[in-house]
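In case you want the letters, here they are:
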Amino acid sequence: MTRWPVHPAPVPGEALTSWLRRIAHRHGAEVQDLVLDLGYCLSCPEDLDTVPPEGFIDHLAARTGAATDTIRAMTLNGQTPWLLDQLQPAAQAYTTYTRQLTVLLPPGRRRDRAVDHWRPWAPTDAGWQHRACPLCTMESSPPCPYQLTWLVPLMLSCPVHHCRLERYNGPVGYHDIWHTSLGGPAPRPVNAAIRRMDERTWQALTTGHVALPRHRVHAGIWFRLLRTLLDELGATLTECGTYGRLTREVWERAGHPVRAGQHPWRPYEHLTDQQQTQSLEAAATAIHLLETRVLAGLGHEAALFLPPPNMTRDPGRPHQTMDPTALRWQEIKDSLDATVEEARTTPETARQLFNFCTMYRGEDDHIVREVRGSFTKLGIPLEYLSPMNDPHRL
Ligand SMILES: [Zn+2]
């Protein structure tokens, strides 16, 4: 298969149809023309962002030279099993995805529910409308690249500009019309809680993990934590019982009606556009309240949102010194303690710490032996130093 002459590089987080539109534009063609050239005939090319047909990605990789993994990540299907358990709806999918973790409510409060044809985060006709960042779309020449996250109810803000994603009703990919004929929406900043939640979601999508105050969690856990919070905030008053005071307080502080005004119960994916927006805002508020200890979650995973231990106040120290040199050394010691703690469970941190400790060893193997001995005493597994555990090895 010969390569297409021009193929602009995908931008991080870009949706597959966005990239195809940009390639087609460079050839004076349409997406359908490229699809036909790859040997496919699709009635609805938009479905490519969800699950491309068998072999499509391999053919596209051959035409463009892009890696298949890069192309797969531009589709919802490429996000399994982190964002989605599986693309095809399954009978117990809802319970599996939303009931394994608990944050605000104690375990066992929410009723098991079977939702037909349910997929987490999947947009429906009633829900999430296409959204776009006013600044991203203003800064790029048409056709503007658009993000996969603009198409699904997962983030409220742009991870680059930290302004709110705004509803866009024009033709997808031709956001320049937004700015020229309609004046375009003015960028609206989001509050710190939303920004922090979205930064973590973006980190999960782009790096595969999220740094929470006390733990680093896998992207799959982050998406389930977020979806669990949305489910808890949408739980009925009967399910919540007396613990409903927790969810009510979150809704009040978020400034929205309890359960975004929904009645009767529906899963988050089936809510209206406005209800989904309010629910995501309430989830951001809940995380903020947990991390500032205003609210104490009763679920097993609530501890993930506890703030980091306060390193500056140690009741064991009789006198807090104000001497800047002593304070600096205390800071270094505290940082080192935290790094050792992390190195016990994180190979990459263990390797970085080892390299730091043996930085000035020269030809002296004695230092290497000493450091390895110290690692053993500190409980840092030496197998973490093996090149087999290095994700960057060739
Ligand atoms: Zn932006």
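Structure: above.
Asker: An account of the overall build of the protein chain is requested, with residue identities and associated values reported.
Answerer: Secondary structure assignment for the protein chain yields 15 helices and 4 strands. Entry remark: accessible area of the protein chain is about 20,400 Å², with carbon and sulfur atoms responsible for 54%.

Asker: So what's going on with the packing of helix H9 (residues 219–233) against helix H12 (residues 273–291)? Which residues, and what values?
Answerer: For any two helices packed against each other, one specifies the inter-axial angle together with the distance between the axes. Two elements in contact, H9 and H12, have axes whose closest approach is 9 Å; the angle formed by their N-to-C orientations is 105°. Our classification of the angle between H9 and H12 gives roughly perpendicular. Here Trp222, Leu226, Leu229, Leu230 and Leu233 of H9 lie close against H12, whose contacting residues are Ser279, Leu280, Ala282, Ala283, Ala286 and Ile287. Grouping the amino acids of the contact of H9 with H12 by side-chain chemistry returns 10 nonpolar, 1 polar and no charged.

Asker: Give me the packing of helix H14 (residues 347–357) against helix H15 (residues 365–378): which residues, what numbers.
Answerer: Running from N to C, H14 and H15 point in directions that differ by 140°, and their axes come no closer than 10 Å. For the element pair H14 / H15, the angle class is oblique. Of the two elements, H14 crosses H15, and the hand of that crossing is right-handed. For the pair H14 and H15, contact is made by Ala350, Leu353, Phe354 and Cys357 and by Ile367, Val368, Val371, Arg372 and Phe375, respectively. A class-by-class count of the residues in the contact of H14 with H15 yields 8 nonpolar, no polar and 1 charged.

Asker: Provide a residue-level description of helix H11 (residues 244–254), including the pertinent values.
Answerer: Inspection of H11 places Gly244, Leu246, Thr247, Val250, Trp251 and Ala254 among the buried residues, and these make up the whole buried set. In an axial view of H11, the angular spread of the buried residues amounts to 160°, which keeps them on one side of the axis. Against the buried residues of H11 lie H9, helix H10 (237–240) and H12. Directly after H11, the chain includes Gly255, whose backbone phi takes a positive value near 80°.

Asker: Can you explain the coordination of the zinc ion? Please cite residues and give values.
Answerer: In an ideal octahedron of six donors the angles at the metal are 90 or 180 degrees, and in an ideal tetrahedron of four donors they are 109.5 degrees. Binding of the zinc ion to the protein goes through Cys133 (SG), Cys136 (SG), Cys158 (SG) and His161 (ND1), at separations of 2.1 to 2.3 Å. Bound by 4 donor atoms, the zinc ion shows angles of 104 to 114° at the metal and therefore tetrahedral coordination geometry. Within one chain, the residues donating to the zinc ion are spaced in sequence as C-x2-C-x21-C-x2-H. On the basis of relative accessible area, Cys158 is assigned to the buried category, the value being 2%. Using a relative accessible area of 23% as the deciding quantity, one classes His161 as partly exposed.

Asker: Explain the nonpolar core to me, using residue names and the numbers behind them.
Answerer: If you look at soluble globular proteins, the nonpolar side chains tend to sit buried side by side. Within the largest apolar cluster, 64 residues are counted, with the highest numbers of intra-cluster contacts made by Trp121, Met197, Trp222 and Phe223. Of all the elements in the fold, those that place two or more residues in this core are helix H5 (93–98), helix H8 (192–207), H9, H11 and H12. Met197 has contacts with Leu156, Trp222, Leu226, Leu280, Ala283, Ala284 and Ile287, leaving out every residue within four places of it along the chain. Listed in part, the 20 residues of the second largest apolar core include Trp4, Ala24, Val35 and Leu60.

Asker: So what about a nonpolar patch on the surface? Which residues, and what values?
Answerer: The grouping of Phe356, Met359 and Tyr360 at the surface amounts to a nonpolar patch, some 420 Å² of accessible area in total. Mapping Tyr360 onto the fold places it in the loop between H14 and H15.

Asker: Help me get a handle on unusual backbone geometry, residues and values and all.
Answerer: Excluding glycine, residues mostly carry a negative phi; peptide bonds, for their part, are mostly trans. Residue Pro264 is reached from His263 by a cis peptide bond, and omega for that bond is -5°. By secondary structure assignment, the location of Pro264 is in the loop between H11 and H12. Phi is positive for Arg259, close to 55°, though the residue is something other than glycine. With respect to the helices, strands and loops of the structure, Arg259 is situated in the loop between H11 and H12. The class of Arg259 is buried, set by a relative accessible area of 10%. Of note in this structure, Arg293 is not a glycine but carries a positive phi near 60°. Assessed through its relative accessible area of 53%, Arg293 is described here as exposed.

Asker: Lay out helix H3 (residues 56–64) with the relevant residues and their values.
Answerer: Along H3, the positions that sit buried rather than exposed are Phe56, Ile57, Leu60, Ala61, Arg63 and Thr64. One side of H3 carries all its buried residues, which in axial view fall inside an arc of 165°. Buried residues belonging to H3 abut helix H1 (16–26), helix H2 (31–37) and helix H4 (68–72). One or two steps after H3, the chain reaches Gly65, where phi turns positive at roughly 85°.

Definitions and limits used
- Residues numbered from 1 in each chain as written.
- Predicted model: local features only at pLDDT ≥ 70, side-chain atom pairs only at ≥ 80, totals over all residues.
- Heavy atoms only, no water.
- Helix = DSSP H or I, 4+ residues; strand = E, 2+ residues; numbered from the N terminus.
- Areas by Shrake-Rupley, 256 points an atom, 1.4 Å probe, with all protein chains shown as cover.
- Axes fitted to C-alpha atoms, helices over the stretch in contact; angles between N-to-C directions.
- Parallel < 35°, antiparallel > 145°, perpendicular 65-115°, else oblique.
- Contact = heavy atoms within 4.5 Å.
- Nonpolar A, V, L, I, M, F, W, Y, C, P; charged D, E, K, R; others polar.
- Left-handed = near helix turned anticlockwise from the far one by under 90°.
- Buried < 20%, exposed > 50% of the residue type's maximum accessible area, 1.4 Å probe, protein only.
- Arc of directions from axis to C-beta.
- Donors = N, O, S within 2.8 Å, 3.2 Å for Na, K, Ca; no water.
- Tetrahedral: all angles 85-135°; square planar, octahedral: opposite > 155°, others 65-115°.
- Core = buried A, V, L, I, M, F, W, Y, C linked by side-chain atoms within 4.5 Å.
- Patch = residues over 30% accessible without salt bridge, like charges linked within 9 Å, V, L, I, M, F, W, Y side chains within 5 Å.
- Salt bridge = Lys/Arg side-chain N within 4 Å of Asp/Glu carboxyl O.

Read these as spatial facts, not as claims about activity.
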